[in-house]
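Take a look at the letters that make up each chain.
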Amino acid sequence: MGHLTEGNDELLKRVRRIAGQVTAIEKALAAGTDCTTTLHLVAATRGAINGLMDVIIEEHVRAHVAHPDLPAEERAAGAEELIAVIRRYAK
């Protein structure tokens, strides 16, 4: 997905924020922080990852499934790739 490089700075910022959230979870667990606070940290991290996933899925659909210049075979391949990822993500 080399086309993701166009918005790469924003995606990298998102990933860095997620890394910070994961670090906060690790610190909370190591410090014995109460479960409610830790659950909130995990929920926020999950939301951030879901948001990242949404952005990348949208870009995949636009570039590999819905792009009007793509031949039918490439569209089908892009759709199958996306289906496989969504199935894995949904487990």
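So, a few notes on the structure that sits alongside this text.

Scoring rules and cut-offs
- Residues numbered from 1 in each chain as written.
- Predicted model: local features only at pLDDT ≥ 70, side-chain atom pairs only at ≥ 80, totals over all residues.
- Heavy atoms only, no water.
- Helix = DSSP H or I, 4+ residues; strand = E, 2+ residues; numbered from the N terminus.
- Rg over C-alpha atoms; globule rule 2.2 N^0.38 Å.
- Buried < 20%, exposed > 50% of the residue type's maximum accessible area, 1.4 Å probe, protein only.
- Contact = heavy atoms within 4.5 Å.
- Areas by Shrake-Rupley, 256 points an atom, 1.4 Å probe, with all protein chains shown as cover.
- Lys, Arg positive; Asp, Glu negative; His and termini not counted.
- Charge placed at Lys NZ, Arg CZ, Asp CG, Glu CD.
- Axes fitted to C-alpha atoms, helices over the stretch in contact; angles between N-to-C directions.
- Parallel < 35°, antiparallel > 145°, perpendicular 65-115°, else oblique.
- Left-handed = near helix turned anticlockwise from the far one by under 90°.

Moving on, we get to the overall build of the protein. Looking only at helices and strands, the protein has three helices and zero strands in total. Counting helices and strands in the order they occur from the N terminus, the protein gives α-α-α. For 91 residues, the compact-globule estimate of 2.2 N^0.38 gives 12 Å, and the C-alpha radius of gyration of the protein, at 17 Å, exceeds that figure by more than 25%. Residues classed as buried in the protein amount to 16% of the 91 residues present. Here the analysis covers contacts within the protein between residues at least 6 apart in sequence; of these, 49% occur between residues at least 24 apart. Put simply, the protein shows about 6,700 Å² of open surface, and 60% of that area lies on carbon and sulfur atoms. Across the protein, the mean location of the 11 positive side-chain charges is 7 Å away from that of the 13 negative side-chain charges.

Another aspect to go through is the packing of helix α1 (residues 8–31) against helix α2 (residues 35–64). Helix-helix packing is described using two parameters, namely the angle between the two axes and the distance between the axes. It is at 9 Å that the axes of α1 and α2 come closest, and there the two elements cross at 160 degrees. Classified by the angle between their axes, α1 and α2 sit roughly antiparallel to one another. With respect to the hand of their crossing, α1 and α2 are arranged in left-handed fashion. Note on element contacts: α2 touches α1 through T38, L41, V42, A44, T45, A48, I49, G51, L52 and V55, opposite L11, R14, V15, I18, Q21, V22, A24, I25, A28 and L29.

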